[in-house]
Amino acid sequence: MPERWRVFPKAIRLGRATTEDIGPDRLAFYRRLVGDIYRGDVTVEPSQTIYLSMSQLRTSARQVFDRLIADVPRSMGPDEGIAVLVDVTESPPELISEPVAAHVGEAIGTLLLTDPGRQVVVMMPALRTRLQRSFRRVVGADRQAHMTIQYDNGSRVRVSADQAEDQPIHPSDADYTKQLQRLNQPIEDRLGGKILRRLGHFQFGTSTEHCTRYFFDASYAVQEVSQLTKDLVLEEKRSSTAPLVIMSHQTHSPWLTEVATEVAQRLGIPHFGLPTEGDVENVPNSGDALLLLDVVNTGNTTKALIKRVRQRGLNVRQTILAVFVDRERLGTGQNSYKMVAENSTYWIRSIANPIERLKRKRVRCEQCILGIEPTDPRSSQPGIRSFDMWEILLAHKWVPERYGPGDSDNTQPGPRRFSLVPDFVRIFKEYGDWIAFKLDEMLTTMRTGGAGVEEAVYVCPAEPAMDTLTDLLRARHGARPVPVKIPRPILRDAERGDFSTLEQERDVGWGGQLSDLAKSNSYSVVLIDEFNGSNTTALSMLKVLQRFDITATAYLPVINLNPGSALRLPSGLEVPVCPLYEIPAPRALGPAPLDETGNR
Ligand SMILES: [Zn+2]
């Protein structure tokens, strides 16, 4: 097998009327999938989707064949393989008709026959179609050619031309299904998963009477916001008779400039960023201005902007786009609301789903009463503030500790269970996006001048709360590496120095992920967990990693109940502990368990 792979994506969207760029999250998904199947270094070529409109499907479905075989180069030699990735998971299954499936199968056969250095992977729903039959017919049973089909339930088969039956090569995989569903969900929902709701104490626009608990940050969702904005700007462009310019304004959202620039370039419309104060200079003094704002709070800033732009001589379009608008303003089921300014009526049109900033009167706000001043949302300190942590911890009823170190039935000695612990599953469902951001932020703070969080692989116990948290991490960073979840029985065995089951699982699931990590030196490995009571789980994770010759760079528990301790293995390996929050001595305990070197 070649050591390097170039992937040529062929994403087929049946029933669509236009082509679009394939987004970076999707390209990263393809890269991981092809890497998982063929190993080696994988690069994915930027590409556009292949579309067939409803009428083309009726009259000229054969076009799918032509588009699949177009623009695929030949392999350059034994070191570099060409992988064609055919993705039909974005097409409604009912449109994957028999003729379409047959054309796809025929195109794949043709691609393989014309260059044996190519490989083909098909991502498709688990449907019975004529794809395989048509592929086998084109290639012929006397030739050695095969393709790989990856079904949406995560299972994988190898389809060989010289064999009548498909061979299963990978079992179904719930994690794959989850990732694919996220990738294929409507853009508004995907945007929702990428918006970061920061918890804290913030100024509410220009208001001196109000403050707010949340700040909404779309810096991870520039792609989604740009796409939605582009469609809305296009409508405005079509109905504007005068030359149109985009004028954007933000105070705490530098990402808005990226959105505006992207949309302006795409549509060939000039863009100007408006300063918060001062004259509107260096902009045209006639034509139509479309205002694009990050958020509308009190509306005062928007009204002042309208006035300034009109004074400059431009006509402000009646529709004003704002990425975030509070639900309170919009009313149920509405995505815009009316604003009167300068004797004219405007409509504030929300781009993302409505937000809830929880505006409070400062005289009634607990934090203001305590003398905690509202902060600039752009300044964020690593770790979680006490006020926020305790609100989170007390938001839901505490529950008995159900999982963790020691045997589930407590028949074998291990650290004692806590009688009650915070309900981390519920906590992560509600605040997980922000907590996940805080973990990434802590990591970035620790790594001075190092690579971004995209190069960090999180390792954690395979338990319900951490599942929720790692899902949220990946919703925001589609391109980041998959977290490795180590099953609790493996950690319990490691605690006792028993690695027999680990050795059996070295090449499957979590074990396979760690084996791959050990071979790659481009990632740093970081341990995470919901809370650290006695270092037991963290030490077990370290021992497991050591069996794979992997060294962790840090341990980031959300809460550390064991402040001041270091993680040390007998080998002398020491890993820094960097919690998001520390609570010393939360309960009366017997002597703390000794760690491996005899320290408490
Ligand atoms: Zn306040």
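For the structure given in this document, a descriptive report is provided here. Note that the structure is predicted; figures quoted are calculated from it, not measured.

1. Description of the packing of aromatic side chains
Item 1. Tallying each qualifying case throughout the model produces 8 aromatic pairs.
Item 2. Where Phe29 meets Tyr176, the ring centres are 5.6 Å apart and the plane angle is 40°; that geometry is what we call tilted. Of this pair, Phe29 sits in helix H1 (residues 24–38) while Tyr176 sits in helix H6 (residues 174–184), and the two are 147 residues apart along the sequence.
Item 3. With relative accessibility at 4%, the residue Phe29 sits in the buried group.
Item 4. Their ring planes at 45° and their centres at 5.6 Å tell us that Phe424 and Phe428 sit as a pair that is tilted.

2. Considerations on the packing of helix H8 (residues 222–239) against helix H9 (residues 255–267)
Item 1. Contact pair H8 / H9: the axes reach a minimum separation of 9 Å and the direction vectors enclose 50°. Here H8 is positioned oblique relative to H9, judged by the angle of their axes. Seen along the crossing, H8 lies across H9 with a hand that is right-handed. Listed contacts from H9 to Val222, Val225, Ser226, Thr229, Lys230, Val233, Leu234 and Lys237 of H8 are Trp255, Glu258, Val259, Glu262, Val263, Arg266 and Leu267.
Item 2. Residues of the contact of H8 with H9, tallied by class, amount to 8 nonpolar, 2 polar and 5 charged.

3. Considerations on a nonpolar patch on the surface
Item 1. A cluster of nonpolar residues, Trp390, Leu394, Trp398 and Leu420, forms a patch on the protein surface that exposes about 400 Å² of accessible area.
Item 2. Locating Trp398 in the fold gives a position in the loop between helix H13 (386–394) and helix H14 (424–446).

4. Quick word on the coordination of the zinc ion
Item 1. Within the protein, the atoms that donate to the zinc ion are His201 (NE2), Cys211 (SG), Cys365 (SG) and Cys368 (SG), at distances of 2.0 to 2.3 Å.
Item 2. Seen from the zinc ion, its 4 donor atoms lie at angles of 103 to 115°, and the figure they make is tetrahedral.
Item 3. Considered as a linear motif, the donors of the zinc ion on their single chain read H-x9-C-x153-C-x2-C.

5. Remarks on the pattern of salt bridges
A side chain with one charge can pair with a side chain of the opposite charge if their charged atoms come near.
Item 1. If you walk through the whole model with that rule in mind, you get 37 salt bridges.
Item 2. Between Arg136 and Asp166 there is a salt bridge, with the nearest N and O atoms lying 2.8 Å from each other. Remark: Asp166 occurs in the loop between strand S7 (156–160) and strand S8 (167–170) and Arg136 occurs in helix H5 (residues 131–139); sequence separation between them is 30 residues.
Item 3. With a closest N to O distance of 2.9 Å, Arg198 and Asp217 form a salt bridge. With a gap of 19 residues between them, Arg198 in strand S9 (residues 196–203) and Asp217 in strand S10 (residues 210–217) connect regions that are remote in the sequence. As far as burial versus exposure is concerned, Arg198 and Asp217 are alike and both buried.
Item 4. One salt-bridge network, in which partners are shared between bridges, spans Arg13, Glu20, Arg26, Asp87 and Glu90.

Calculation criteria
Residues numbered from 1 in each chain as written. Predicted model: local features only at pLDDT ≥ 70, side-chain atom pairs only at ≥ 80, totals over all residues. Heavy atoms only, no water. Phe/Tyr/Trp six-rings, centres within 6.5 Å; stacked < 30°, edge-to-face > 60°. Helix = DSSP H or I, 4+ residues; strand = E, 2+ residues; numbered from the N terminus. Buried < 20%, exposed > 50% of the residue type's maximum accessible area, 1.4 Å probe, protein only. Axes fitted to C-alpha atoms, helices over the stretch in contact; angles between N-to-C directions. Parallel < 35°, antiparallel > 145°, perpendicular 65-115°, else oblique. Left-handed = near helix turned anticlockwise from the far one by under 90°. Contact = heavy atoms within 4.5 Å. Nonpolar A, V, L, I, M, F, W, Y, C, P; charged D, E, K, R; others polar. Patch = residues over 30% accessible without salt bridge, like charges linked within 9 Å, V, L, I, M, F, W, Y side chains within 5 Å. Areas by Shrake-Rupley, 256 points an atom, 1.4 Å probe, with all protein chains shown as cover. Salt bridge = Lys/Arg side-chain N within 4 Å of Asp/Glu carboxyl O. Donors = N, O, S within 2.8 Å, 3.2 Å for Na, K, Ca; no water. Tetrahedral: all angles 85-135°; square planar, octahedral: opposite > 155°, others 65-115°.

This is a description of form; function is not addressed.
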